[in-house]
Amino acid sequence: MDSCSLRSPFILLLVGESYNKHHSPLWNPEARQTTPRLCALQERGNLYVYDNAVSPYNVTTGALRQMFSTYYPGCGQEWTDRTLLTAVFRKAGYRVWFITNQFAGEERDKDHHDHVGGTIFNRADLRELQFTYVNKEAARYDMDLLSELPPADTLAAHPSLLIFHMMGQHEDYRERYPAEYSHFTADSIQNDYTGESGRRIVAEYDNATLYNDAVVSAVLEKYSGLDVVGIYLSDHGEEIYDWRNSCYRTNSDLMTPEIARFQYEIPLLFYVTDRFKQSHPDLVVEIEAARHKPFISSLLPFALF
């Protein structure tokens with residue numbers, strides 16, 4: 001590491017899960033209102049919606065290993081040959097906080113997470129290189145993990161990268177939100193591709209998206225008084241009876257435009273506080289100007305750099 005300007009003293013990275021952006025009015029004007037709080041932030045001028053972002057994989061392990069490695073498509077190397085994003089920030093002088101609801105506690109030991117969690121997040125030697133702090137236990141719901149977030153004055157005292165990694169809308173959708181977020185029901189869903197049981201699943205997915213909106217907004221609000229730039233994106237998309245009688249994700253060599261649209265397109269949001277806008281007007285101009293540029297999540301490290 002040669003040098004770092006530290007011009008963005010507090011960077012907030014929120015990583016979602018299984019997010020079908022077409023189920024939010026931020027990207028689809030005809031969608032049910034599943035993101036009222038984020039829509040309000042957009043109206044206030046603190047949120048910039050990117051509309052051309054994709055993931056290289058429709059599975060968590062494939063997507064995250066490229067998001068956290070400085071690998072990029074066409075570099076001629078494997079993702080394991082490249083430096084980890086978080087190690088670079090740590091070396092550059094940032095404190096790196098990793099609050100995860102997928103790679104902590106019992107969740108950490110599940111086989112389907114081991115390929116990423118076991119190598120990147122949970123090996124003791126790699127943890128020491130990357131993180132200032134990692135939570136030890138997962139929570140029932142993502143909102144319950146907010147108690148693990150460091151206080152604003154702690155983050156303001158030293159350049160910090162805070163990563164908040166959620167369960168988001170991971171199946172089983174009805175397990176992702178408490179009862180008070182059961183806003184949508186099968187009766188309120190109109191869908192020509194599935195019957196009542198499928199409409200119930202659609203409703204549960206939209207309820208999980210509504211809850212995710214509350215979680216993400218709560219994290220952003222916690223640090224709204226600081227000089228903060230934030231990015232929210234998901235590991236991959238999800239099919240929810242959007243164009244055929246099919247749900248979740250498919251693993252097939254056959255790729256259609258519809259599969260790409262719902263399983264590989266991802267949400268991408270940039271968040272800036274009022275203080276950040278005042279301190280970094282040049283960066284705000286760049287953030288706004290790039291809203292329609294193509295982006296693949298493999299390039300996340302370079303966007304952060």
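Higher on the page you've got the structure.
Residues numbered from 1 in each chain as written. Predicted model: local features only at pLDDT ≥ 70, side-chain atom pairs only at ≥ 80, totals over all residues. Heavy atoms only, no water.

Ranked by internal contacts, the top residues of the largest apolar core, which has 43 residues, are L13, F68 and F121. Apart from the residues within four sequence positions on either side, F121 is in contact with L64, F68, F98, F103, V116, R127 and F131. In this structure, F10, V49, Y223 and L226 belong to the second largest nonpolar core, which totals 37 residues. (Core = buried A, V, L, I, M, F, W, Y, C linked by side-chain atoms within 4.5 Å. Buried < 20%, exposed > 50% of the residue type's maximum accessible area, 1.4 Å probe, protein only. Contact = heavy atoms within 4.5 Å.)

Let us now look at helix 1 (residues 36-43). Within helix 1, burial applies to L38, C39 and L41. The buried residues of helix 1 occupy one face: seen down the axis, they fall within an arc of 155°. In the core, the buried residues of helix 1 are packed alongside strand 2 (47-50), helix 7 (196-222) and strand 10 (268-272). G45 sits one or two positions beyond helix 1 and adopts a positive phi of about 85°. (Helix = DSSP H or I, 4+ residues; strand = E, 2+ residues; numbered from the N terminus. Arc of directions from axis to C-beta.)

Here we come to a nonpolar patch on the surface. A surface patch of nonpolar side chains, amounting to about 350 Å² of accessible area, comprises Y72, L299, F302 and F305. Relative to the elements of secondary structure, L299 occurs in the loop between strand 11 (295-296) and helix 11 (300-304). (Patch = residues over 30% accessible without salt bridge, like charges linked within 9 Å, V, L, I, M, F, W, Y side chains within 5 Å. Areas by Shrake-Rupley, 256 points an atom, 1.4 Å probe, with all protein chains shown as cover. Salt bridge = Lys/Arg side-chain N within 4 Å of Asp/Glu carboxyl O.)

So, on to the side chain of T209. Among the structural elements, T209 can be located in helix 7. Residue T209 is classed as buried on the basis of its relative accessible area, which comes to 0%. With residues up to four places along the chain from it excluded, the contact list for T209 reads Y19, T34, T35 and Q169.

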